[in-house]
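# Inside the fold
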Amino acid sequence: GAVVSQHPSRVICKSGTSVKIECRSLDFQATTMFWYRQFPKKSLMLMATSNEGSKATYEQGVEKDKFLINHASLTLSTLTVTSAHPEDSSFYICSARDSGRAGTQYFGPGTRLLVL
Amino acid sequence: ELKVEQNPLFLSMQEGKNYTIYCNYSTTSDRLYWYRQDPGKSLESLFVLLSNGAVKQEGRLMASLDTKARLSTLHITAAVHDLSATYFCAVDRGSTLGRLYFGRGTQLTVWP
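These notes cover the structure that comes with them. (Residues numbered from 1 in each chain as written. Chains lettered and ligands numbered in written order. Predicted model: local features only at pLDDT ≥ 70, side-chain atom pairs only at ≥ 80, totals over all residues. Heavy atoms only, no water.)

For the rest of this paragraph, the subject is the sheet that holds strand S7 (residues 61–66) of chain B. Residues and elements named next belong to chain B. Read across the open sheet, the five strands follow the order S1-S3-S8-S7-S6; overall the sheet is antiparallel. Where the open sheet ends on each side, the last strands, each with one partner, are strand S1 (4–7) and strand S6 (55–58). In this sheet, adjacent strand axes meet at a mean angle of 15° when their direction is disregarded. (Pairing = 2+ DSSP bridges. Helix = DSSP H or I, 4+ residues; strand = E, 2+ residues; numbered from the N terminus. Axes fitted to C-alpha atoms, helices over the stretch in contact; angles between N-to-C directions.)

This part is about the layout of surface pockets. Here the largest pocket is characterised by a volume of approximately 990 Å³. Contributing to the lining of the largest pocket are 40 residues, with Gln38, Lys42, Ser43 and Leu44 of chain A together with Phe88 of chain B lying nearest its centre. Elements that contribute at least two residues to the lining of the largest pocket include exactly strand S4 (32–38), strand S5 (44–51) and strand S9 (90–98) of chain A together with strand S9 (85–92), strand S10 (100–102) and strand S11 (106–111) of chain B. Sort the elements by how many residues they give to the lining of the largest pocket and S11 of chain B lands first, with four residues. A per-class count over the lining of the largest pocket returns 18 nonpolar, 11 polar and 11 charged. In this model, the second largest pocket occupies a volume close to 150 Å³. Lining the second largest pocket, in full, are Ser9, Arg10, Phe91, Phe107, Gly108, Pro109, Gly110 and Arg112 of chain A together with Gly40, Lys41, Ser42 and Leu43 of chain B. Across the lining of the second largest pocket, the residue classes tally to four nonpolar, five polar and three charged. (1 Å grid on protein atoms, 1.4 Å probe; cavity = no way out; pocket = protein on both sides within 12 Å on 5 of 7 lines; lining within 4 Å. Points joined across faces, edges and corners; volume = space filled by probe spheres on them. Nonpolar A, V, L, I, M, F, W, Y, C, P; charged D, E, K, R; others polar.)

Here we come to the pairing of strand S4 (residues 31–37) of chain B. All names here are of chain B. Extensive coverage of S4 is indicated by the burial of seven of its seven residues. As judged from the seven bridges shared by S4 and S9, these two strands associate in the antiparallel manner. Bridge pairing links Gln37 to Thr86 in S9. Two elements, S4 and strand S5 (residues 43–49), share six bridges in a ladder whose sense is antiparallel. Residue pairing across strands places Gln37 opposite Leu43, the latter belonging to S5. (Buried < 20%, exposed > 50% of the residue type's maximum accessible area, 1.4 Å probe, protein only.)

Residues and elements named next belong to chain A. Alternating positions in strand S3 (residues 19–25) separate cleanly, Val19, Ile21, Cys23 and Ser25 being buried on one face and Lys20, Glu22 and Arg24 remaining unburied on the opposite face. Two strands pair when backbone bridges link them, and strand S1 (residues 4–7) and S3 are joined in this way by four bridges, in the antiparallel orientation. Its bridge partner being in S3, Ser5 is matched across the sheet by Arg24. Here six bridges tie S3 to strand S8 (residues 76–81), and the two strands are oriented antiparallel to one another. Across the sheet, the residue bridging to Ile21 is Leu79, located in S8.

Right, let's talk about the sheet that holds S1 of chain A for a bit. All names here are of chain A. Spatial strand order, S1-S3-S8-S7: four strands in an open sheet with antiparallel pairing. Lying at the two open borders of the sheet, with one neighbouring strand each, are S1 and strand S7 (67–73). In this sheet, neighbouring strand axes are inclined to one another by 15° on average, regardless of whether the strands run parallel or antiparallel.

For the structure on display, the rule yields nine aromatic pairs over all chains. Look at Phe107 of chain A and Phe102 of chain B: their rings are 6.0 Å apart centre to centre, the planes differ by 75°, and that puts the pair in the edge-to-face class. Here Phe102 of chain B lies in strand S10 and Phe107 of chain A lies in strand S10 (residues 104–107), a pairing that spans two chains. Between the aromatic rings of Tyr33 of chain B and Tyr35 of chain B, the centroid separation amounts to 5.9 Å while the plane-to-plane angle is 15°, which identifies the pairing as stacked. Of the two residues, Tyr33 of chain B and Tyr35 of chain B, both sit in the buried class. The structure contains a cluster of three or more aromatic residues connected by ring pairs, namely Tyr36 and Phe107 of chain A together with Tyr33, Tyr35, Phe88 and Phe102 of chain B. We note Arg112 of chain A situated over the ring of Phe91 of chain A; from NZ or CZ to the ring centre the distance is 4.4 Å. (Phe/Tyr/Trp six-rings, centres within 6.5 Å; stacked < 30°, edge-to-face > 60°. Lys NZ or Arg CZ within 6 Å of the ring centre and 35° of its normal.)

Right, let's talk about a nonpolar patch on the surface for a bit. Nonpolar side chains collect at one region of the surface, where Ile12, Leu114 and Leu116 of chain A lie side by side and expose about 310 Å² of accessible area between them. If you trace the backbone, Leu116 of chain A turns up in the segment after strand S11 (111–115). (Patch = residues over 30% accessible without salt bridge, like charges linked within 9 Å, V, L, I, M, F, W, Y side chains within 5 Å. Areas by Shrake-Rupley, 256 points an atom, 1.4 Å probe, with all protein chains shown as cover. Salt bridge = Lys/Arg side-chain N within 4 Å of Asp/Glu carboxyl O.)

Turning to the interface of chain B and chain A, a few remarks are in order. Opposite the 19 residues of chain B that make contact, chain A presents 24 residues. When chain B packs against chain A, close to 1600 Å² is buried across both sides, 50% of that on carbon and sulfur atoms. Of the charged contacts, one joins Arg99 of chain B and Glu59 of chain A as a salt bridge, the two residues approaching to 2.9 Å between their closest N and O atoms. Linking chain B with chain A are four residue pairs in polar contact (both at pLDDT 80 or more). With four residues, the single largest contributor to the side of chain B that touches chain A is S4 of chain B. Among the residues making up the side of chain B that touches chain A, the classes are represented as seven nonpolar, eight polar and four charged. (Contact = heavy atoms within 4.5 Å. Buried area = accessible area lost by both parts, 1.4 Å probe. Polar contact = N/O pair within 3.5 Å; in protein donor to acceptor, adjacent residues only side chain to side chain.)

So, in structure tokens, the structure goes:
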């Protein structure tokens, strides 16, 4: 099946620093990628929809200036958590939509962020 | 907004037993997905159901879709410990972008 990678898989940072997470579709082109956040024992919460070549669409309550999304190519989207705080600690998961396979979504392995 | 309800949220069952997880959704949908998540891991795709009456089976898991009732089921047959995980259903209502709406998940524990 299609593969989506995320990097890094785990990151620890100090409060106030910024962290960039990459999401890549490895064997297909994805005009649309999604960024989710998941708290322990909870479902996935959609943060934003990332569209190649245009601005991301953020869900209500998600600060676009804090969670910067860039979808610079058909295989790469990045999420930057700016000025991270401990409450930003979470599991971040991206997914990529393969328009060539009837729009099936494939999920990345996730990035666990811990802000100290 | 499309709402997706799963039940039960927690399921503890003995090995060898059968059980069904239910997924109801509130509006018409283009397709329905079932995912598995192990602790600390991301989502693993189990099934994609595309049409009314669709039934798919993989090992001890079988998923079905009734679009008229807006209901999908995930049936577990003769459960084994390796099936312990959290199972999510997700609905795509056919928008251009393909946004998924997730249920809250069913945490399944299979004990000897």
